[in-house]
Amino acid sequence: MYSNDFSKTRTSRQIQKLLDYQLKIREATISDIPKMTELWAEIMKYHEGDNPYFVLIENYKELVPPMLEKRLNNSNEHVFLYEENTDLAGMIMLRTEDLPPILPFKKRGYIAETIVSSNYRSKGIGEVLVNKAKDYFKSQKCDVMELQVSSKNPAGKKFWERMGFEMSTIHMLSVID
């Protein structure tokens, strides 16, 4: 599983860079919704065509903000932002859920969305956001983390495997006509 010990695979300069990145993460607030909406739109455009869910609808500027506000006001959901100067470079949306007693885990931490702006990809921001998510889930007494990644996103799958995730199920979709 993913480890907070960066020293095994990183140079001291890389470790310092990741620690500096952690200082640029904060909790999202209602006033962040306009920038969060645009970042969400960017990832929808990026994945457009991957599957029927990834469609940037014309009136997203009206529909996405209430969805984000609902998430920010939900006690089981949490959003962290990564800022670079005045840019919103990345965000990670989290949800916690108690699991049925028949399962070996008691509480799940679910990574609902992880988005890093195209201008800031491959700079370690995603890794730092995932590390923040893991720390948050630990504080909420979660004992397992889950997420979904598009089957048509090989770079995303590789990233999540590097973060210690492994495939457990296959999520399938069929549009009902």
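Everything below is about the structure printed above this text.
Notes on the structure follow. All values derive from a computational prediction rather than experimental measurement. (Residues numbered from 1 in each chain as written. Predicted model: local features only at pLDDT ≥ 70, side-chain atom pairs only at ≥ 80, totals over all residues. Heavy atoms only, no water.)

**Things to note about the sheet that holds strand β2 (residues 77-84)**
Operational definition: Here, strands pair whenever DSSP counts at least two bridges between them. A run of H or I in DSSP becomes a helix once it reaches four residues, and a run of E becomes a strand once it reaches two; helices and strands are each numbered from the N terminus. Every axis in this analysis is a line fitted to C-alpha atoms, fitted for helices over the stretch in contact. Angles between the N-to-C directions lie between 0 and 180 degrees.
The mixed open sheet is built from five strands, whose spatial order is β1-β2-β3-β4-β5. Single-partner strands in this sheet number two, and they are β1 (25-27) and β5 (144-147). Geometrically, the sheet is characterised by an average inter-axis angle of 30° between neighbouring strands, direction not taken into account.

**Some thoughts on the pattern of salt bridges**
To be explicit about the condition: Here, a salt bridge means any side-chain nitrogen of Lys or Arg that lies within 4 Å of a carboxyl oxygen of Asp or Glu. The buried label goes to any residue with under 20% of its type's maximum accessible area, the exposed label to any with over 50%, and the partly exposed label to all in between, with areas taken from a 1.4 Å probe on protein chains only.
Applying the stated rule across the entire model yields seven salt bridges. Measuring nitrogen to oxygen at the nearest pair gives 3.4 Å for the salt bridge that ties Arg 71 to Glu 77. Both residues of the pair, Arg 71 and Glu 77, count as buried. Arg 108 serves as the salt-bridge partner of Glu 97, at 2.8 Å between the closest nitrogen and oxygen.

**Focus: the pairing of strand β4 (residues 107-116)**
Counting buried positions along β4 gives eight out of 10 residues, so the element sits mostly inside the fold. Bridge count between strand β3 (residues 87-98) and β4: nine bridges; the pairing is antiparallel. Bridging across to β4, Arg 95 finds its partner in Tyr 110. In terms of strand pairing, β4 meets β5 through four bridges, oriented parallel.

**Description of helix α5 (residues 154-162)**
Helical geometry: 3.6 residues make up each α-helical turn, so side chains three or four residues apart lie on a common side. Quick reminder of the rule: Throughout, the arc means the angular range of directions from the helix axis out to the C-beta atoms. Any two residues whose heavy atoms approach within 4.5 Å are treated as being in contact.
The set of residues buried in α5 consists of Gly 156, Phe 159 and Trp 160. The buried residues of α5 all sit within an arc of 95° when viewed along its axis, so they share a single face. Structural note: α5 exposes Pro 154, Ala 155, Lys 158, Glu 161 and Arg 162 on the side pointing more than 90 degrees away from its buried face. Its buried side turned inward, α5 meets β4, α4 (125-139) and β5. Gly 164 sits one or two positions beyond α5 and adopts a positive phi of about 100°.

**Points about the packing of aromatic side chains**
Rules: Here is the rule: rings of Phe, Tyr and Trp (six-membered ring for Trp) pair when centre to centre is within 6.5 Å. Planes less than 30 degrees apart are stacked, more than 60 are edge-to-face, and the remainder are tilted.
Applying the stated criterion across every chain, the model contains four aromatic pairs. Here Tyr 136 and Phe 137 contribute two aromatic rings whose centre-to-centre distance is 6.1 Å and whose plane-to-plane angle is 55°, an arrangement assigned as tilted. Taking relative accessible area as the criterion, Tyr 136 reaches 12% and is therefore assigned buried. Taking the relative accessible area as the measure of exposure, Phe 137 reaches 2% and is therefore buried. Centroid distance Phe 159 to Trp 160: 4.9 Å. Interplanar angle 75°. Geometry classified as edge-to-face. Given the relative accessible area of 16%, Phe 159 is considered buried. Residue class for Trp 160 comes out buried when judged on its relative accessible area of 9%. Each residue in the set Phe 80, Tyr 136 and Phe 137 is aromatic and connected to the rest through ring pairs, giving one cluster.

**Quick word on unusual backbone geometry**
The phi dihedral of Ser 122 is positive, around 65°, even though this residue is not glycine. For Ser 122, the location among the structural elements is in the loop between β4 and α4. Unusually for a residue other than glycine, Lys 141 sits at a positive phi of about 65°. One can find Lys 141 in the loop between α4 and β5.

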